[in-house]
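Notes for the structure review
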Amino acid sequence: MNKEYDVVALGELLIDFTESGLSAQGNPLLEVNPGGAPGNVLSMLQNYGRKTAFIGKVGKDMFGRLLLEAVGSCGIDTKSILEDGKVHTTLAFVQTFEDGDRDFSFYRDPGADMMLRKEEVDTNLLKNTKVFHFGTLSSTHEGVREATRYAIDVAKEAGAVISFDPNLREPLWKSLEDAKAEIAYGLGKCDLLKISDNEVEFMCGTDDYDKGAQMLIDRYHIPLILITMGREGSRAYYKGMRVESAPFLQDNTIETTGAGDTFCATSIHTVLKYGLDSLTQENLMELLTYANAAASLITTRKGALRVMPTLEEVELLAGTRLKA
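Here is what the cut-offs are and how they apply
Residues numbered from 1 in each chain as written. Predicted model: local features only at pLDDT ≥ 70, side-chain atom pairs only at ≥ 80, totals over all residues. Heavy atoms only, no water. Helix = DSSP H or I, 4+ residues; strand = E, 2+ residues; numbered from the N terminus. Rg over C-alpha atoms; globule rule 2.2 N^0.38 Å. Buried < 20%, exposed > 50% of the residue type's maximum accessible area, 1.4 Å probe, protein only. Contact = heavy atoms within 4.5 Å. Lys, Arg positive; Asp, Glu negative; His and termini not counted. Charge placed at Lys NZ, Arg CZ, Asp CG, Glu CD. Expected span 1.5 Å × (residues − 1). Core = buried A, V, L, I, M, F, W, Y, C linked by side-chain atoms within 4.5 Å. Salt bridge = Lys/Arg side-chain N within 4 Å of Asp/Glu carboxyl O. Pairing = 2+ DSSP bridges. Right-handed = clockwise from strand over helix to strand, strands pointing away. Axes fitted to C-alpha atoms, helices over the stretch in contact; angles between N-to-C directions. Arc of directions from axis to C-beta. Disulfide = S-S within 2.5 Å.

**Remarks on the overall build of the protein**
On a plain count of helices and strands, the protein comes out with 10 helices and 13 strands. In terms of overall dimensions, the protein is globule-like: its C-alpha atoms have a radius of gyration of 18 Å, near the 20 Å expected for 324 residues. With respect to the principal axes defined by its C-alpha atoms, the protein has extents near 50 × 50 × 40 Å. Evaluated residue by residue, the protein yields a buried proportion of 57% over its 324 residues. Once local pairs closer than 6 in sequence are excluded, the contacts in the protein between residues at least 24 apart make up 72%. Measuring between centres, the 34 positive side-chain charges of the protein sit 4 Å from its 48 negative side-chain charges.

Shown next, in the form of structure tokens:
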């Protein structure tokens, strides 16, 4: 496929405020981390040597400028990231618990990423990419939802593989029924699905993930489904095959920010490497092992976009298992 870009993503760019110790007065100190799931995915793909571009919108403010600089410094094409002069950049305050899990408080109603409109979507990028990646945070409100759906259709018509990560963030939805409807829309459009265990439970009403995967296959006919299960590892479902890979557990895990995004990026990279039509069991095991390794590495670092693992780091960790 002779396309200029390997992966184009559309979605949210935001600032994650993460805890970073205490002040002299005992108050929590917060570190400014550039973030947003689609940008994290592209940053990791850049580390794999892929050519990427982002479609989105930030505020014309200090945080928007920081995001543009951070995304550009990773090598991601930023020409289709627009600035909004009226609405500020979206902010997320992240509370991290002892087990590394997180709770989010969003300042986003409105936020600049919600302001992207259909007529602002760069169709040239979408027609010139091998993979188009999106999540549901760009479908929480009507205008940006229309832009997202338009982008999916343009990319799909141009022959791109459609990659989808629901990335459910319950506080950002007016209702969970809205969230369920938009996830269902994405499920109906994608070729590659990365979905977490709790999202399978949310959409399928079961914690039997094999049963949930089969429900998604029967209902949406998705070629490749990848389920992440945290400390239980991950599974792939493809053409009747079921492959499972154990996690790489780290003693020095700090937080789980970016773990799903590194997993997703590694999955896209592997699909670009082998294609989506004739993956083997060995290909799927390689995909899961590398994706699990990448996800485990990012949990040892604060933030995500600027500190994604390198290809060498992932190969070194994954190789310990694949060579065994």
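**A look at helix α4 (residues 142-157)**
In a regular helix each residue adds 1.5 Å, so 16 residues correspond to 22 Å; α4 covers 23 Å between its end C-alpha atoms and thus fits that length. Listed as buried for α4 are G143, V144, A147, T148, A151, I152, V154 and A155. Elements in contact with the buried residues of α4: β1 (5-10), α3 (123-127), β8 (129-134), β9 (161-164) and α5 (176-189). G159 sits one or two positions beyond α4 and adopts a positive phi of about 95°.

**Focus on the nonpolar core**
Counting 52 residues, the largest nonpolar core has L224, L226, I268 and V314 as its most contacted members. At 10 residues, the largest contribution of residues to this core is made by helix α9 (residues 281-298). For L224, the residues in contact, after removing those within four places along its chain, are D191, L192, L193, Y237, Y238, V271, L276, L279, L284 and L287. Of all hydrophobic cores here, the second largest spans 41 residues; its members include A53, V154, W173 and C190.

**Re the pattern of salt bridges**
Throughout the structure, instances matching the rule amount to 19 salt bridges. As a salt-bridge pair, R50 and D6 come within 4.0 Å of each other at their nearest N and O atoms. Here D6 lies in strand β1 and R50 lies in the loop between α1 (37-47) and β4 (52-59), a separation of 44 residues in the sequence. Residue class for R50 comes out buried when judged on its relative accessible area of 16%. For D153, the salt bridge identified is with K189, shortest N-O distance 3.4 Å. Residue D153 is located in helix α4, and its partner K189 is located in helix α5; the two are separated by 36 residues in the primary sequence.

**Regarding the pairing of β1**
The buried fraction of β1 amounts to six of the six residues, a majority that puts the element mostly inside the structure. As judged from the four bridges shared by β1 and β8, these two strands associate in the parallel manner. Considered in β8, the bridge of V7 is made with V131. When β1 meets β4, the two strands line up parallel, connected through four bridges. Within β4, the position partnered with A9 by the bridge is F54.

**Comments concerning the pairing of strand β5 (residues 77-84)**
Sheet analysis places β4 next to β5, joined by six bridges and oriented parallel. Within β5, the residue paired with A53 across the bridge is D77. In this view, the connection linking β4 to its parallel neighbour β5 by way of helix α2 (residues 62-73) has right-handed handedness.

**Section: the sheet that holds β8**
Across the sheet, which stays open at both edges, the nine strands sit in the order β5-β4-β1-β8-β9-β10-β11-β12-β13 with mixed pairing between neighbours. Lying at the two open borders of the sheet, with one neighbouring strand each, are β5 and β13 (241-245). Pairwise comparison of adjacent strand axes, ignoring direction, gives a mean angle of 15° for this sheet. On the sheet, helix α7 (residues 209-220) packs against β10 (192-196), β11 (224-228), β12 (234-238) and β13 and is oriented at approximately 35° with respect to β12.

**Structural notes on unusual backbone geometry**
That bond from D109 to P110 is cis: its omega, 10°, falls within 30 degrees of zero. Note on placement: P110 falls in the loop between β7 (102-107) and α3. The backbone of N167 shows a phi angle near 50°, a positive value even though the residue is not glycine. With respect to the helices, strands and loops of the structure, N167 is situated in the loop between β9 and α5.

**Overview of α5**
An ideal rise of 1.5 Å per residue puts 20 Å on 14 residues; α5 measures up with 20 Å between its terminal C-alpha atoms. Taken as a whole, α5 has its buried residues at A179, E182, I183, G186 and L187. Taken down its axis, α5 places every buried residue within 145° of arc, on the same side. Where α5 is buried, its residues meet β8, α4, β9, β10, α6 (197-204) and α7.

**Quick look at the state of the cysteines**
Simply put, the disulfide is a covalent bond whose two ends are the sulfur atoms of two cysteines. Under the definition given, this model contains zero disulfides. Free cysteine C74: the closest other cysteine sulfur is in C264, separated by 16 Å. In this structure C264 comes out as buried when scored by relative accessible area, which is 2%.

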